[in-house]
Amino acid sequence: MHLQPRFRTVSTDGAILTYAGLAAPVTPASAFMTTDAPNPTSLPSPTAEDGIELIVDLSDRRLSVQKNGTVQAVYPVAIGMADWPTPQGQFQVQNKQTNPAWRHPITHEVIPPGPDNPLGSRWIGFWLETDWAIGFHGTDTAEDLGEAVSHGCIRLLDGDIQVLYEQVELGTVVIIKA
């Protein structure tokens with residue numbers, strides 16, 4: 001699936017990158033989030049003893065955390081709306097960030113970490129195409145869960161994303177199915 005970004009703001013100085021209305025925060029060491037992004041298949045694979053997989057079922061809008069094929073937790077999620085669909089397929093966690101900042105795609109206002117930040121307290125990125133990042137992030141808007149309301153990202157309650165953040169590593173498998 002090839003998705004076209006609607007907005008693009010690229011900064012590799014440790015500031016903020018805006019992709020299709022959401023931002024993936026970066027540091028200079030992870031400033032690969034440009035057109036020179038690494039191939040996700042080159043990321044380290046999770047070790048066999050980890051065995052963690054994140055499986056998102058778009059039809060029932062739930063995230064299942066599985067370890068060695070056994071369900072460990074299930075979370076309700078919000079997914080991408082029709083014009084901004086969540087990509088389907090198999091991916092790997094590519095980056096993680098605590099307390100990300102967000103830049104509004106139209107006004108370019110930077111929303112610092114805190115209660116007004118729509119990304120919540122955690123970002124787990126798993127998909128990057130040219131200049132559009134998609135990942136899991138927090139929300140404090142419980143009524144959005146179970147709905148198709150995002151710009152492609154997968155939203156969890158902020159408390160749930162904090163728990164999930166501690167369970168995954170770079171390279172953790174993410175499977176998104178219809």
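Summary of the structure given here. (Residues numbered from 1 in each chain as written. Predicted model: local features only at pLDDT ≥ 70, side-chain atom pairs only at ≥ 80, totals over all residues. Heavy atoms only, no water.)

### Topic: the layout of surface pockets
Inclusion rule: Only protein atoms enter the 1 Å grid, on which a cavity is a set of points fitting a 1.4 Å probe that cannot get out and a pocket is an open set with protein on both sides within 12 Å along at least 5 of 7 lines, lining residues being those with an atom within 4 Å of a point. Grid points are joined across faces, edges and corners, and a volume is the space filled by probe spheres set on the points. For helices the rule is a DSSP run of H or I covering at least 4 residues; for strands it is a run of E covering at least 2, with both sets numbered from the N terminus onward. In the scheme used here, Gly and all other residues not listed as nonpolar or charged are polar, with Ala, Val, Leu, Ile, Met, Phe, Trp, Tyr, Cys and Pro taken as nonpolar and Asp, Glu, Lys and Arg as charged.
There is about 250 Å³ of room inside the largest pocket. The wall of the largest pocket is formed by 20 residues, among which Asn 117, Pro 118, Leu 119, Gly 120 and Thr 139 lie closest to the centre. It is strand 13 (residues 132-139) that provides the largest number of residues to the lining of the largest pocket, a total of three residues. For the lining of the largest pocket, the class distribution of residues is six nonpolar, 10 polar and four charged.

### Examining helix 1 (residues 158-167)
Condition: In this scheme, a residue with accessible area under 20% of its type's maximum is buried, one over 50% is exposed, and one in between is partly exposed, where area comes from a 1.4 Å probe on protein chains only. The arc in question is formed by the directions pointing from the helix axis toward the C-beta atoms.
Listing the buried residues of helix 1 in full gives Asp 158, Asp 160, Ile 161, Leu 164 and Tyr 165. Summarising the axial view, the buried residues of helix 1 lie within an arc of 150°, below the 170-degree limit, and thus occupy one face.

### Examining unusual backbone geometry
We note that Asn 68 has phi near 50°; this positive angle belongs to a residue other than glycine. Residue Asn 99 is not a glycine yet carries a positive backbone phi of 50°. As for its position among the elements, Asn 99 is in the loop between strand 9 (95-98) and strand 10 (102-103).

### Some details on the nonpolar core
Within soluble globular proteins, side chains that are nonpolar tend to cluster in buried spots. Defined as follows: The nonpolar core is taken to be a set of buried Ala, Val, Leu, Ile, Met, Phe, Trp, Tyr and Cys residues, with the residues joined through side-chain atoms within 4.5 Å. Pairs of residues are marked as contacts when any of their non-hydrogen atoms sit within 4.5 Å.
Counting 34 residues, the largest nonpolar core has Leu 54, Leu 63, Phe 126, Phe 136, Leu 156 and Leu 164 as its most contacted members. When residues of this core are traced back to their parent elements, those giving at least two are strand 4 (52-57), strand 5 (62-67), strand 6 (70-76), strand 12 (122-129), strand 13, strand 15 (154-157), helix 1 and strand 16 (173-177). For this core, the leading source of residues is strand 12, giving five residues. The residues touching Phe 126, leaving out its near neighbours within four places in the chain, are Phe 91, Gln 92, Val 93, Gln 94, Ile 134, Gly 135, Phe 136, Ile 154, Val 174 and Ile 176.

### Remarks on the packing of aromatic side chains
Worth spelling out the cut-off: Pairing of aromatic side chains here covers Phe, Tyr and the six-membered ring of Trp, requires ring centres within 6.5 Å, and sorts the geometry by plane angle: under 30 degrees stacked, over 60 edge-to-face, intermediate tilted. Should the NZ of a Lys or the CZ of an Arg lie within 6 Å of a ring centre and within 35 degrees of the ring normal, that charge is described as sitting over the ring.
In total, this model carries two aromatic pairs according to the counting rule given. With a centroid separation of 5.2 Å and an interplanar angle of 50°, the aromatic rings of Phe 126 and Phe 136 are classed as tilted. Placement of the pair is Phe 126 in strand 12 and Phe 136 in strand 13, with a sequence separation of 10 residues. When sorted by exposure, Phe 126 lands in the same class as Phe 136, which is buried. Feature note: the residues Phe 91, Phe 126 and Phe 136 constitute an aromatic cluster, connected by ring pairs. Over the face of the ring belonging to Tyr 165 we find Lys 96, whose NZ or CZ atom lies 4.3 Å from the ring centre.

### Some thoughts on the sheet that holds strand 13
Stated precisely, the cut-off is as follows: Between any two strands, pairing holds if DSSP finds at least two bridges. Where helices are involved, their axes are fitted lines through C-alpha atoms of the stretch in contact, as for all axes, and angles between N-to-C directions lie from 0 to 180°.
One open sheet accounts for four strands, arranged 9-12-13-15; its pairing is mixed. The open sheet is flanked by strand 9 and strand 15, the only strands paired with a single partner. Across the sheet, the mean angle from the axis of one strand to that of its neighbour is 20°, orientation sign disregarded. Pairing between strand 9 and strand 12: four bridges, direction antiparallel. Looking at the pairing, Gln 97 lines up with Trp 123 of strand 12.

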